[in-house]
Amino acid sequence: AKESGRNRITHFENGMYAAAEERRRLEHELIESLGNGQMKVYYQPVINLKTQDEVGYEALVRWEHPELGLVMPDKFIPLAEETGLIVQLGEWVIRNAVDEAASWSNQHMVAVNLSPAQMRSANLIPSVVNALASSGLDPARLELEITENILMHDSDSNLRTLHSLRAIGVRVSLDDFGTGYSSLNYLRAFPFDKIKIDRCFVSDVDSRDESRAIVRSVIDLARSLGMQTTAEGVERESQAQQLITEGCDQVQGYLYGKAAPLKSGQLQPSDRVIV
Ligand code: C2E
Ligand code: CA
Ligand code: CA
Ligand code: CA
């Protein structure tokens with residue numbers, strides 16, 4: 001027993017070492033990914049629920065890693081956050097999305113996610129201004145999405161940043177609504193343009209009374225405050241039908257299309273997933 005116990009510890013230590021090594025390697029590769037073309041921005045269509053028209057796209061970053069394959073953001077955004085690389089990565093995504101949208105022949109909007117570190121970065125406003133200026137994109141076509149948890153810490157400085165973004169003319173959305181802390185206070189403190197209702201409420205809006213009641217209330221609240229609503233993660237026609245009944249403005253989800261690469265300058269038909 002003693003022997004096997006020691007082996008376990010050795011394995012454990014090796015495991016820790018391996019994990020630290022792996023992390024360092026990933027961090028290094030992440031830094032390089034911005035320059036070597038492995039980092040890609042995919043775009044998921046946003047649909048006007050009433051007209052069923054595509055009205056824009058959300059930019060979602062992907063890492064096309066030569067050995068690991070397609071790496072999803074949950075796997076590297078946290079590491080980018082911890083190392084501070086997210087600021088550079090985030091600015092790169094904004095530039096990519098703004099250039100992409102400027103090349104479209106329609107007036108579709110493009111939405112980009114902002115991380116907490118970006119909100120704190122003194123370079124955020126200049127980088128947004130630069131991206132807009134060099135692409136010529138109408139600022140009103142850029143939406144920046146922040147989660148309510150961003151507002152929890154240092155909310156004064158974050159509110160100032162939000163007001164600066166608003167002054168530039170970009171739109172601001174509250175992402176993952178209902179999954180974080182004390183949302184109502186933020187809705188009072190800052191006039192968001194849009195509330196994005198999290199997938200966890202949308203997933204059973206067609207089958208569970210509680211979810212339906214919550215979604216209905218959020219949509220009513222948003223409307224009273226003059227904000228739009230987008231439902232995230234719509235996968236079934238029955239969810240879409242319920243959301244139409246509740247008066248939701250926009251939808252995103254696999255029912256309408258997954259995030260996919262767009263060829264700059266030409267809109268591709270969203271690959272509609274039949275569920
Ligand atoms: P999010 O902003 O809430 O994005 C929505 C996520 O739900 C995306 O996952 C999207 O692919 C996924 N999704 C969309 N429709 C459906 C559906 O019908 N069913 C299901 N099951 N999922 C759906 P993704 O692309 O893996 O991104 C995860 C998160 O990573 C994002 O959540 C966002 O918080 C973060 N992220 C992605 N790109 C960026 C970025 O450029 N910057 C920052 N800071 N964060 C990003
Ligand atoms: Ca988002
Ligand atoms: Ca979301
Ligand atoms: Ca999310």
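Above this text sits the structure in question.
It should be emphasised that the depicted structure is a prediction, and the values quoted were computed from it without experimental measurement.

(A) Broad picture of the coordination of the calcium ion (ligand 3). Surrounding the calcium ion (ligand 3) are the protein donor atoms Asp175 (OD), Asp176 (OD), Glu232 (OE) and Glu232 (OE), at 2.2 to 2.3 Å. In this structure, the calcium ion (ligand 3) lies 3.9 Å from the calcium ion (ligand 2), and both are coordinated by Asp175. Residue Asp175 is classed as buried on the basis of its relative accessible area, which comes to 5%.

(B) A look at the site of ligand 1. The environment of ligand 1 is formed by 21 residues, the closest being Gln44, Arg62, Asn113, Glu235 and Tyr254. A distance of 3.2 Å separates an oxygen atom of ligand 1 from a polar side-chain atom of Asp176. One of the side-chain N or O atoms of Glu235 is found 2.5 Å from a nitrogen atom in ligand 1. Here ligand 1, which alone exposes 810 Å², has 82% of that area covered by the protein. For the shell around ligand 1, the secondary-structure elements that each account for two or more residues are strand E2 (54-65), helix H2 (73-83) and strand E6 (171-177). Here the element with the most residues in the shell around ligand 1 is E2; it accounts for 4 residues. Among the residues making up the shell around ligand 1, the classes are represented as 8 nonpolar, 5 polar and 8 charged.

(C) Region of the structure containing the coordination of the calcium ion (ligand 2). The protein atoms that coordinate the calcium ion (ligand 2) are Glu58 (OE), Asn113 (OD1), Glu145 (OE) and Asp175 (OD), at distances of 2.1 to 2.3 Å. Expressed as a motif, the donor residue spacing for the calcium ion (ligand 2) is E-x54-N-x31-E-x29-D. Residue Asn113 is classed as partly exposed on the basis of its relative accessible area, which comes to 28%.

(D) Spatial organisation of the side chain of Asn106. The topology assignment puts Asn106 in the loop between helix H3 (86-102) and strand E4 (109-113). Separated by 3.1 Å, the side chain of Asn106 and the backbone nitrogen of His108 make a polar contact.

(E) Representation of the nonpolar core within the structure. Leu142 and Phe192 are the most contacted members of the largest nonpolar core, which totals 69 residues. Apart from the residues lying within four places of it in its own chain, the contact partners of Leu142 are Val98, Val110, Val112, Val128, Leu132, Leu137, Val170 and Arg171.

(F) Structural view of unusual backbone geometry. Of note, Gln52 is a non-glycine position whose phi angle comes to about 65°, a positive value. Inspection of the secondary structure puts Gln52 in the loop between strand E1 (39-48) and E2. Overall, Gln52 belongs to the partly exposed group, its relative accessible area being 38%. Even without being glycine, Asp176 reaches a positive phi, approximately 55°.

(G) Structural view of the pairing of strand E8 (residues 228-231). In the sheet, strand E7 (residues 194-197) pairs with E8 via 4 bridges, with the strands oriented parallel. Bridge pairing links Lys194 to Gln228 in E8. Note that E8 and strand E9 (residues 250-251) share 2 bridges and pair parallel. Across the sheet, the residue bridging to Ala231 is Val251, located in E9. At this point the chain moves from E8, through helix H11 (residues 237-246), to the parallel E9, and the crossover so formed is right-handed.

(H) Summary view of the environment of Arg216. Tracing the sequence through the fold places Arg216 in helix H10 (residues 209-224). It is 9.1 Å that separates the C-alpha atoms of Arg216 and Thr245, two residues lying 29 residues apart in sequence.

Here is what the cut-offs are and how they apply
- Residues numbered from 1 in each chain as written.
- Chains lettered and ligands numbered in written order.
- Predicted model: local features only at pLDDT ≥ 70, side-chain atom pairs only at ≥ 80, totals over all residues.
- Heavy atoms only, no water.
- Donors = N, O, S within 2.8 Å, 3.2 Å for Na, K, Ca; no water.
- Buried < 20%, exposed > 50% of the residue type's maximum accessible area, 1.4 Å probe, protein only.
- Near = heavy atom within 4 Å.
- Polar contact = N/O pair within 3.5 Å; in protein donor to acceptor, adjacent residues only side chain to side chain.
- Areas by Shrake-Rupley, 256 points an atom, 1.4 Å probe, with all protein chains shown as cover.
- Helix = DSSP H or I, 4+ residues; strand = E, 2+ residues; numbered from the N terminus.
- Nonpolar A, V, L, I, M, F, W, Y, C, P; charged D, E, K, R; others polar.
- Core = buried A, V, L, I, M, F, W, Y, C linked by side-chain atoms within 4.5 Å.
- Contact = heavy atoms within 4.5 Å.
- Pairing = 2+ DSSP bridges.
- Right-handed = clockwise from strand over helix to strand, strands pointing away.

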